[in-house]
There are 2 protein chains.
Amino acid sequence: MKLVLDAAAGDFGLSPNIEGAIQAANELGVQLLLVGPAAEVSSQLNSRGVASGDQRFEVIDAPDVIGMGEDPVAACRAKPRSSVMVSAELVASGRAEGLISVGNSGATMVAALWHLKRLPGVLRPAIAVAVPTERGMTLLLDGGANTECKPWHLLQFAVMGTIYAQRVMGVAKPKVGVLSVGEEDSKGNDLVREAIPLLRAAPVAFHGAVEGRDLAAGTVDVVVCDGFTGNIAVKLIEGTASAIFSFLKAEIHSGPLNKLGGLLLRGAFARLKKRMSYDEYGGAPLLGVGGTVIIAHGKSNAKAVANAIRTAKRLIETGVNEAIKSSIEQMKVNLESPKVQIS
Amino acid sequence: MKLVLDAAAGDFGLSPNIEGAIQAANELGVQLLLVGPAAEVSSQLNSRGVASGDQRFEVIDAPDVIGMGEDPVAACRAKPRSSVMVSAELVASGRAEGLISVGNSGATMVAALWHLKRLPGVLRPAIAVAVPTERGMTLLLDGGANTECKPWHLLQFAVMGTIYAQRVMGVAKPKVGVLSVGEEDSKGNDLVREAIPLLRAAPVAFHGAVEGRDLAAGTVDVVVCDGFTGNIAVKLIEGTASAIFSFLKAEIHSGPLNKLGGLLLRGAFARLKKRMSYDEYGGAPLLGVGGTVIIAHGKSNAKAVANAIRTAKRLIETGVNEAIKSSIEQMKVNLESPKVQIS
């Protein structure tokens, strides 16, 4: 399997990308197209002991890079030879099956839509983020691709999220909730109240509305919401965990007995940190585009990059996009034909 | 100072309310009107050693109570003699200066608006919730009173939140942020993008847009958002902390060395729990109504009830409502007169 890695992007530049690519090639047996300034990419490969003729890696030159702070649309327009635009083009042309980027997530979305378009019938692609919960992981979508949504967008998110949770996360019958301010159908904002009847009639295991507390508790497997709320939720979970870690760290360093306590619980804290950490998740797929696209955290380390590559591979192997295409197509037929019920 | 406590409401009924009232009377020197089924309230007072003639407590009979799951508007209409409706009436008639309820927060809002109306010029009252952050506390509003908001509502929330943070939380010049998905003015949903210019021109120290991570980090003192997003955020912080505590608890009980570690860090965990706990906060004021109203968590214990009474007292002593009234009035004059600038 050939995958493209946008090697130049991200907060830390080439280094974690190249290292992650080598890890992934070793562990997953994938071939990687590494897109970035060719000379630097090659030199980074060599300095890490990769021989020049190693067939697992191909370096594709892209002189530009889109920075984390740049406006996505303007930057993609101005820099068609940026690493992310070239990466998306390689998937569109069939030279690779999927792309992974730890760069500016808005730019990755724009580049993906630009070159790969949407899957037929998909109205709005969504970022599916696996968030850590009390019971394990819950898939939240949209994690930030669409700040304004309509009820039928949430409906499609539920269908796409269900397919991803089944195939990639291995949940046989994922329970779907819509993020709201109370469990009753009558609560929530207009978007949620209008989405609920659509979700009840959808070909998913709809549980009902869930609150912020339920999301953290892991009451359901898939949570749908608009990308504004979803982005805030994802970052708030990350931020709250980080605030708690800072507090505990300061406490542990505040005296000899606390230090000893911290030492004894070192393993526990490491497991907690791992559980709450975005490095482990393997990035977030942009579901609904005409190709496999994984957006990973800008601060990804090599392990996080390798995990994101693993996720891309798994999406392709399990046929997520084909399943989304056929489910959305099916729903369209049902909606169009008055003889057929949606459920 | 006379305050009303909606003694019958909340997940745990009379017990924590009566106990909290006694604590508050002892510590704060306030007089309390206790509203609920009179015989039961009196018997609970007596069983806790309060003499029948104790001038600090007055029992007001209210035969009904509105349950946590009831529809607020329907329940307030159907039960004018419910403890929360009677409580609000006592404030409206001037028999008490403020009310505290740990009951159905929607019903408390409806009862407050019904009997106390809004302060002149206030378009939408908002729940101001103090959320725990890495640096201390950040005041978030709206915490759930208004699921749909307009930009000018966020503007008023910023003004009300600034006054509360100054007077009750003791922050000299509170920095105000608007909750969004990025720091740039161009990011966010329509509501946020339209609110930003209003906030920049407002008589508050506007910092700009803040993300979920910044809210958890405590970057600003006051965060404004619509009540849908705010309610989800508040419950997500609570839920994430609770998920982390569960994880740590399980880890600590998983072996003898971990148990010892947990024992040594007992103080640290207790401080963390206290910091993340809603019991400590003293409830959330409903700002913008024509009276002092404190909404506390349905699961409040006696200490949380006493803290909520303390908050009501502090709001009244520091003249929060008079200040809100005059600031909103001032903004109205500025907006109406083209000669005067808002800033």
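All residue numbers here refer to positions counted from 1 along the written sequence of the relevant chain. As a convention, the first chain written is A and the first ligand written is 1, with the rest following in written order. Local features in this predicted model are restricted to residues whose pLDDT is 70 or higher, and side-chain atom pairs enter the listing and the counts only when it is 80 or higher, whereas totals over whole chains, interfaces and linings include all residues. Side-chain metrics rest on all non-hydrogen atoms present in the structure, leaving aside hydrogens and water.

> Describe the overall build of chain A, and please don't skip the residues or the numbers.
For chain A, the helix and strand inventory stands at 13 helices and twelve strands. What the globule rule says is 2.2 Å times the number of residues to the power 0.38, and the radius of gyration is computed from C-alpha atoms. The globule rule puts the C-alpha radius of gyration for 343 residues at 20 Å, and the 21 Å found for chain A is close to it. The principal-axis extent of the C-alpha atoms belonging to chain A is close to 60 × 60 × 35 Å. The buried label applies to any residue whose accessible area, calculated with a 1.4 Å probe on protein chains only, is under 20% of its type's maximum; exposed applies above 50%, and partly exposed to all values in between. Looking at chain A as a whole, 59% of its 343 residues qualify as buried. The contact criterion used throughout is that any non-hydrogen atoms of two residues lie within 4.5 Å. Of the contacts made within chain A by residues no fewer than 6 positions apart, 73% connect residues no fewer than 24 positions apart. Surface accessibility of chain A: about 13400 Å² in total, with carbon and sulfur atoms responsible for 52%. Looking at chain A, you have 35 positive and 33 negative side-chain charges, and the mean spots of the two groups are 4 Å apart. Runs of H or I in DSSP of at least four residues are treated as helices and runs of E of at least two as strands, each being numbered from the N terminus. Shrake-Rupley sampling with a 1.4 Å probe provides the accessible areas, and residues are treated as covered by the protein chains on show and by no other component. Charge assignment: positive for Lys and Arg, negative for Asp and Glu; neither His nor the chain ends contribute. Throughout, a charge is located at the NZ atom of Lys, the CZ atom of Arg, the CG atom of Asp or the CD atom of Glu.

> How would you sum up the nonpolar core? Please name residues and give values.
By nonpolar core we mean a set of buried residues, namely Ala, Val, Leu, Ile, Met, Phe, Trp, Tyr and Cys, connected to one another through side-chain atoms within 4.5 Å. Counting 240 residues, the largest nonpolar core has L34 of chain A together with L34 of chain B as its most contacted members. Residues in contact with L34 of chain B, not counting those within four places in the same chain, are L5, A7, I18, A21, V41, L45, F57, E58, V59 and I60 of chain B.

> Outline the sheet that holds strand β8 (residues 175-179) of chain A, supporting the account with residue identities and numerical values.
Two strands in a sheet stick together by hydrogen bonds in their backbones, pointing the same way (parallel) or opposite ways (antiparallel). Residue and element names in this part refer to chain A. Two strands form a pair only when DSSP identifies at least two bridges running between them. Read across the open sheet, the five strands follow the order β6-β7-β10-β8-β9; overall the sheet is mixed. Sheet topology places β6 (129-132) and β9 (205-210) at the edges, where each strand pairs with a single neighbour. Pairwise comparison of adjacent strand axes, ignoring direction, gives a mean angle of 30° for this sheet. Bridge count between β6 and strand β7 (residues 137-141): four bridges; the pairing is antiparallel. From the neighbouring strand, V131 faces β7, where its bridge partner is T138. Where helix α6 (residues 151-167) meets the sheet, its contacts fall on β7, β8 and β10 (222-224), and the angle it forms with β10 comes to roughly 160°. Axis definition: a line fitted to C-alpha atoms, over the contacting stretch in the case of helices. Angles run 0 to 180 degrees between N-to-C directions.

> Go over the pairing of strand β2 (residues 31-36) of chain A, please, and point to the residues and values.
Residues and elements named next belong to chain A. Taken across its six residues, β2 has five buried, putting it largely inside the fold. Note: β2 against strand β3 (residues 57-61), five bridges, orientation parallel. Bridged to L32 within β3 is F57. A crossover counts as right-handed when, viewed with the strands pointing away from the observer, the path leading from the first strand over the helix to the second turns clockwise. After leaving β2, the chain enters helix α2 (residues 38-47) and then returns to the sheet as β3, a path that is right-handed.

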